[in-house]
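A structural walkthrough
Listed below are the residues making up each chain.
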Number of protein chains: 2
Amino acid sequence: VNKKIGKQSVMFENALTLKSVASVVGQKEGEGPLGAMFDAVEADAMLGKKSWEQAEAEFLKRALEKATQKAQLMQSDIEYVVAGDLMNQSTSSSFVLRDMPIPFFGIFGACSAFGEGLGLGGMIVDGGFAKRVLVAAASHFCAAEKQFRFPLELGGQRPLTSTWTVTGAGAAVLELGGAGPFVRGITTGKIVDMGIKDMNNMGAAMAPAAVDTLAAHFNDFNRTPDYYDVIATGDLGYVGRDLVMKLTKEQGFDLSQNYTDCGIEIFDRDTQDTHSGGSGCACSAVTFAAYYYPKLVSGEIKRMLLIPTGALGNQMTAQQGETIPGIAHAVVIESANA
Amino acid sequence: VNKKIGKQSVMFENALTLKSVASVVGQKEGEGPLGAMFDAVEADAMLGKKSWEQAEAEFLKRALEKATQKAQLMQSDIEYVVAGDLMNQSTSSSFVLRDMPIPFFGIFGACSAFGEGLGLGGMIVDGGFAKRVLVAAASHFCAAEKQFRFPLELGGQRPLTSTWTVTGAGAAVLELGGAGPFVRGITTGKIVDMGIKDMNNMGAAMAPAAVDTLAAHFNDFNRTPDYYDVIATGDLGYVGRDLVMKLTKEQGFDLSQNYTDCGIEIFDRDTQDTHSGGSGCACSAVTFAAYYYPKLVSGEIKRMLLIPTGALGNQMTAQQGETIPGIAHAVVIESANA
């Protein structure tokens, strides 16, 4: 069986079911259009912890536990955890996993973490190395602003190109066999850097990477965009979405009928003052879990392409005048009736 | 074929050859006992760059290129890169990969990166998703001191428990089939935190994780330590090595005949003033590449267990009073005549 498709894609040989997904988010996310769909909306963004960073870890912990519980599994049933976050040295993931004695692969793909995790998790299960993997990603608005831009107390002005880091965590149990929805394949991204330097314009920094992965995906799978009911990038927001539309049109493929971005779906543009939309590792993870997964279960969506997107710079590289590299990982997810 | 062995290990089904390895290091590493064995020793720790961070990325770039070249491959022959480093948001890896259009999985396991990469790379190749993967890890003494402890200009006193972050990068081409040395299996680590808070005593923070992985490995594979000619942890140094000896003895297995640590091998204790030894992502990667790999090729070493070890905290978690979680990933590597 040739599992590799084209130059940078994989078609899984086995049925890989997303047995459960979980989303735990903050108050602002709860007030958005998807508010009623999340597993838990927490009024306290600190979750009783002493720091934003500890709170981010706690969001991740709750999502991991919720996904495990929703799949009617015990922690000991999970063979690997593949998780990532935005904190320096991915401490949210590491600190949560201290209390979960499960073999752990820490990943860093910035906000593409959920896509990278589903890709690696899919390979682990499809390759016969485990029957069940837990994939997760987390982010926190306050922790991210402090780390990447300025502490909130400074009251910095957010430009209109900026996105709002989603506070929360998403998790998914990926299992061999099962009744779907199925992860069918992946297109793993290359790093693309088109020279954007503005840490408040992540959408523009990541859009070229999303387009690169989309082009590779359609080419590798010999598909056109209309194969999918929904194509959703991770956290490009309005600025990045418009760039993706423009760049893909130039490349000759038409996303006008079925393309959106999780950062656009999660917040209300008119009332929530998030400017370009949502972002962060949690953005694609919780939007997928709360909004798209149920539609894949019901069959309302038969085939979707989820493309979590990541901007790979840090505060110091920005200070050193570097541009911001982007990456995007595409995941093919299909309902049982696809 | 049951590829999963025991609770947290994998035995690869296919022969997976380490077709080439490369090591590029700084002057201090070149002055150590392995000096003549590295592919390149760079007198300028800045490599002509403007910052330590950019230099770390350049070390990684050179190691990736050198490994590719030594395997007589073109960049386009590499199907995936799996790489990690110590910088916030793993920027060394991301920034190098901007100029290498290869599907990329960024990993974060701190100094266990080389082990995590060989594990995931092994699964990718053994699982049939690619024929050839490039695995790499990098670190830089000056960049690490600045980020985790204090900028060198402050002239901080290094306690005797501290280790010296290796400046350099190591890389390996892992390929399906071939003539060996072979990566035969892995034991993926769980996170273990025994309460060490001292960022200048990473060896003590990581030793319990190494012992946890060692115990799991021997149990899963039903082996005793004497199965291996060499068992080498990644960067525990003298303090961590002594703890591993003590803790494993308590657990009833005897490492006295064949156990060492890459951080002990890479520097000379008496003349190089590195205190507890070497550390950093590059420590196990370049020590393996320069010192152990040739012995596996010649057959002088038939079977070795390499266990890169990682300390997963950051400066902020230290400031917030957190303890330091550790992780260790074991990789079974055998010569063709094993």
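Residues numbered from 1 in each chain as written. Chains lettered and ligands numbered in written order. Predicted model: local features only at pLDDT ≥ 70, side-chain atom pairs only at ≥ 80, totals over all residues. Heavy atoms only, no water.

Before going further, it helps to spend a moment on the relation of the copies chain A and chain B. Laying chain A over chain B is done by rotating through 180° and shifting 0.0 Å along the axis; what remains is an RMSD of 0.0 Å. Both copies of the chain, as the preceding transformation shows, are related through a two-fold rotation axis. Of the interface residues in chain A, 100% have counterparts in chain B that sit at the interface too, so the contact is made through matching surfaces. (Least-squares fit on C-alpha atoms with pLDDT ≥ 70 in both. Contact = heavy atoms within 4.5 Å.)

With that settled, the discussion passes to the environment of A:Gly170. Looking at where A:Gly170 falls in the secondary structure, it is placed in strand S9 (residues 168–176). Sequence separation between A:Gly170 and A:Phe221 is 51 residues, and the spatial gap between their C-alpha atoms is 28 Å. (Helix = DSSP H or I, 4+ residues; strand = E, 2+ residues; numbered from the N terminus.)

Our focus in this paragraph is the pairing of strand S3 (residues 16–26) of chain B. All names here are of chain B. Most of S3 is tucked away: 10 of the 11 residues are buried. The pairing of S3 with strand S9 (residues 168–176) spans 9 bridges and is antiparallel. When the bridges of S9 are listed, Ser20 appears paired with Val173. Bridging between S3 and strand S4 (residues 40–42) involves 3 bridges; their strand directions are parallel. Residue pairing for S4: Val24 is matched across the bridge by Ala40. (Buried < 20%, exposed > 50% of the residue type's maximum accessible area, 1.4 Å probe, protein only. Pairing = 2+ DSSP bridges.)

Time to look at the pairing of strand S17 (residues 330–334) of chain B. Residues and elements named next belong to chain B. Of all the 5 residues making up S17, 5 are buried; the element is thus mostly covered by neighbouring parts of the structure. As judged from the 5 bridges shared by strand S10 (residues 182–187) and S17, these two strands associate in the antiparallel manner. Note on S17: the bridge partner recorded for Val183 is Ile333. With 4 bridges joining them, strand S14 (residues 303–307) and S17 adopt antiparallel strand pairing. Each residue of the ladder has a partner; that of Leu306, found in S17, is Val331.

Another aspect to go through is the interface of chain A and chain B. On the chain B side, the residues contacting the 55 residues of chain A number 55 residues. Around 4,900 Å² of area is buried between chain A and chain B when both sides are counted, 61% of it from carbon and sulfur atoms. The tally of links between chain A and chain B comes to 6 salt bridges. A salt bridge links B:Arg98 to A:Asp193, with the nearest nitrogen and oxygen atoms 2.8 Å apart. Counting the contacts that link chain A with chain B gives 28 residue pairs in polar contact (both at pLDDT 80 or more). Within the residue set of the side of chain A that touches chain B, elements represented by two or more residues are helix H2 (52–70), helix H3 (91–97), strand S6 (104–106), helix H4 (113–126), helix H5 (141–148) and helix H10 (315–319) of chain A. When residues of the side of chain A that touches chain B are assigned to their parent elements, the largest contribution, 5 residues, is made by H4(A). (Buried area = accessible area lost by both parts, 1.4 Å probe. Salt bridge = Lys/Arg side-chain N within 4 Å of Asp/Glu carboxyl O. Polar contact = N/O pair within 3.5 Å; in protein donor to acceptor, adjacent residues only side chain to side chain.)

Glancing now at the state of the cysteines. Any covalent bond linking the sulfur atoms of two cysteines counts as a disulfide. All names here are of chain A. This model, assessed by the stated rule, comprises 0 disulfides over all chains. With no disulfide partner, Cys111 has as its closest neighbouring cysteine sulfur the one in Cys281, 4.7 Å distant. Free cysteine Cys142: the closest other cysteine sulfur is in Cys111, separated by 15 Å. On the basis of relative accessible area, Cys142 is assigned to the buried category, the value being 13%. (Disulfide = S-S within 2.5 Å.)

Quick look at the packing of helix H6 (residues 202–221) of chain B against helix H7 (residues 237–250) of chain B now. Two numbers describe a pair of packed helices, the interaxial angle and the distance between the axes. All names here are of chain B. At a minimum axis distance of 8 Å, the contact between H6 and H7 shows a crossing angle of 40°. Taken together, H6 and H7 sit at an angle that is classed as oblique. For the pair H6 and H7, the sense of crossing is right-handed. Across from Gly203, Ala204, Ala207, Pro208, Ala210, Val211 and Leu214 in H6, the residues of H7 making contact are Val239, Gly240, Leu243, Val244, Leu247 and Thr248. Classifying every residue of the contact of H6 with H7 by side-chain character gives 10 nonpolar, 3 polar and no charged. (Axes fitted to C-alpha atoms, helices over the stretch in contact; angles between N-to-C directions. Parallel < 35°, antiparallel > 145°, perpendicular 65-115°, else oblique. Left-handed = near helix turned anticlockwise from the far one by under 90°. Nonpolar A, V, L, I, M, F, W, Y, C, P; charged D, E, K, R; others polar.)

Residue and element names in this part refer to chain A. Running from N to C, H2 and H5 cross one another at 135°; their axes reach a closest spacing of 8 Å. One element, H2, and the other, H5, form an angle in the oblique class. Judged by the sense of rotation from one axis to the other, the crossing of H2 with H5 is left-handed. Within the contact between the two elements, H2 uses Trp52, Glu53 and Glu56 and H5 uses Cys142, Ala143 and Lys146. When grouped by side-chain class, the residues that make up the contact of H2 with H5 number 3 nonpolar, no polar and 3 charged.

All names here are of chain A. Along the chain, Thr233 turns up in strand S11 (residues 230–233). According to the relative accessible area criterion, Thr233 is buried, its value standing at 0%. At a separation of 2.6 Å, a polar atom in the side chain of Thr233 contacts the side chain of Tyr259. Engagement of the side chain of Thr233 in a polar contact is seen with the side chain of Asp261, the distance being 2.6 Å. Beyond its immediate stretch of four places on either side in the chain, Thr233 contacts Ala210, Tyr259, Thr260, Asp261, Cys262 and Ile307.

Mean pLDDT over chain A stands at 97; residues scoring 70 or higher make up 100%. If you check the scores for this complex, the pTM reads 0.98 and the ipTM reads 0.98. (pLDDT = per-residue confidence, 0-100.)

Residue and element names in this part refer to chain B. For H7, with 14 residues, the first-to-last C-alpha span of 20 Å sits near the 20 Å given by 1.5 Å per residue. Of all the residues in H7, the buried ones are Gly237, Tyr238, Gly240, Val244 and Thr248. The buried residues of H7 occupy one face: seen down the axis, they fall within an arc of 165°. Every exposed residue of H7 that faces more than 90 degrees away from the buried side is listed here: Lys246, Lys249 and Glu250. Here the buried face of H7 lies against H6, strand S12 (259–261) and helix H8 (262–265). (Expected span 1.5 Å × (residues − 1). Arc of directions from axis to C-beta.)

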